[in-house]
Amino acid sequence: MRIVLALFFASLAANAAFALRDPSWWAIPAMLLGWYVADMLSGAVHMYMDYRPCVTNVGLDRLYFYGGSRESEEYQTMFRAAMKRINPLERLVYDFKNHHPRPDALGRRGVVRLIGSTVLAGALPLSLLMNAAAFLLPVPGWAVAGMVALLIGGAFAQYFHGTLHRADNVWIVRVMRRVSLLMTPAAHQLHHDTLKRDFSTNCGWSNPLLNRVFALAYGRQWLRDEGLEPVG
């Protein structure tokens, strides 16, 4: 995974260089648009993962409702056995649900675990495609700048989510919150209070739109409460 992350950051740096070789004031609105799209994607994925039913008959319900210590040998044995029986997507689905009753657990996870799957599945391929496009085609620098913002926001979406569930964060996170490029824990708490609104976890700019999308999907029962927790 560290090789994958190194390749992603090298590709991202190349895209930033392509953007800087053709500077334009249009880069500012393009980057804000890219940040908005990344926020919207974080919310759309969050909404889907929260309400997508977990795979059954593999013991995820026993893990979710386990009453003892999650550091115990019994729990760890059950956890390893269950994880071996499901694919990476199902693990992500379970993780999204599992953090609702235990939100602080997400904040304790390392950055590599939080961003690894997102980079591998989406950010790295998209960044490499942008590298190729910027090298082979006359792509304007402002468009590449917008893509850089989207890639950063998308790749770090789960990391930003994790920062909402811990008190001590690096300085850049605190600065970005002050200028509203990242949302505050209080704003994110609105999601945890109901699980029916404010799914975006980056800056929250897209929540008004996604709240309407959720209301439509929930009203038509495309998303159902039964999907919120694992069942046997």
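Please refer to the structure placed before this passage.
Read on for a plain summary of the structure. Treat the numbers as computed from the prediction; the structure is a model and nothing was measured.

### As for the packing of helix H1 (residues 2–20) against helix H8 (residues 141–155)
Where H1 meets H8, the axes come as close as 8 Å, and the angle between the chain directions of the two elements is 150 degrees. Relative to H8, the element H1 lies roughly antiparallel. Between H1 and H8 the crossing geometry is left-handed. For the pair H1 and H8, the contacting residues are Phe8, Leu12, Asn15, Ala16, Phe18 and Ala19 in the first and Gly141, Val144, Ala145, Val148, Leu151, Ile152 and Ala155 in the second. When its residues are assigned to classes, the contact of H1 with H8 shows 11 nonpolar, 2 polar and no charged.

### Let's talk about the environment of Tyr75
Along the polypeptide, Tyr75 turns up in helix H4 (residues 73–84). The class of Tyr75 is buried, set by a relative accessible area of 5%. With near-sequence residues (within four places) excluded, Tyr75 lies in contact with Leu63, Tyr66, Ser69, Arg70 and Tyr94.

### Notes on helix H11 (residues 185–194)
Buried within H11 we find His188, His191 and His192. Angular distribution of buried residues about the axis of H11 spans 95 degrees; they occupy a single face of the element. Turned more than 90 degrees away from the buried face of H11 sit Ala186 and Asp193, all of them exposed. Residues of H11 that are buried sit in contact with helix H2 (27–51), helix H6 (103–107) and helix H9 (157–163).

### A word on a nonpolar patch on the surface
Together, Trp25, Ile28, Leu32 and Trp205 make up an exposed nonpolar region whose accessible area comes to about 470 Å². Topologically, Trp25 is positioned in the loop between H1 and H2.

### Overview of H4
Residue pairs three or four apart in sequence face the same way in an α-helix, which turns once every 3.6 residues. Between its first and last C-alpha, H4 extends 17 Å over 12 residues, near the 16 Å set by a 1.5 Å rise per residue. If you check which residues of H4 are buried, you get Tyr75, Ala82 and Met83. Mapping the buried residues of H4 onto a view down its axis gives an arc of 95 degrees, with all of them on the same face. Every exposed residue of H4 that faces more than 90 degrees away from the buried side is listed here: Glu73, Glu74 and Lys84. Packed against the buried residues of H4 are helix H3 (60–64) and helix H5 (88–98).

Conventions we followed
Sequence order sets the numbering: in each chain, residues are counted from 1 along the sequence as written. Where totals are concerned, whole chains, interfaces and linings use all residues; where local detail is concerned, this predicted model gives features only for residues with pLDDT of at least 70, and gives and counts side-chain atom pairs only at 80 or more. Processing note: side-chain calculations cover all non-hydrogen atoms of the structure and skip hydrogens and water entirely. For helices, the axis comes from a line fit to the C-alpha atoms of the stretch in contact; other axes are also lines fit to C-alpha atoms, and the angle between any two N-to-C directions lies between 0 and 180 degrees. The secondary structure listing takes helices from DSSP runs of H or I that are at least 4 residues long and strands from runs of E that are at least 2 residues long, numbered from the N terminus. Angle categories are assigned with fixed cut-offs, so that under 35 degrees is roughly parallel, over 145 is roughly antiparallel, 65 to 115 is roughly perpendicular, and the rest are oblique. We call a crossing left-handed when the near helix sits turned anticlockwise from the far one by less than a right angle, and right-handed when that turn is clockwise. Only heavy atoms enter the contact rule, under which two residues are in contact if any of them lie within 4.5 Å. Under the grouping applied here, Gly and all other residues not named as nonpolar or charged are polar, the nonpolar ones being Ala, Val, Leu, Ile, Met, Phe, Trp, Tyr, Cys and Pro and the charged ones Asp, Glu, Lys and Arg. The buried label applies to any residue whose accessible area, calculated with a 1.4 Å probe on protein chains only, is under 20% of its type's maximum; exposed applies above 50%, and partly exposed to all values in between. To obtain the arc, one takes the directions from the helix axis to the C-beta atoms. Only residues whose relative accessible area exceeds 30% and that form no salt bridge enter a patch; like-charged residues are grouped when within 9 Å of one another, and nonpolar side chains (Val, Leu, Ile, Met, Phe, Trp, Tyr) when within 5 Å. Only the protein chains shown count as cover for residues, and all accessible areas are computed by the Shrake-Rupley method using a 1.4 Å probe. What makes a salt bridge here is a side-chain nitrogen of Lys or Arg within 4 Å of a carboxyl oxygen of Asp or Glu, nothing more. Expected helix span is taken as 1.5 Å per residue step, with the number of steps being one fewer than the number of residues.

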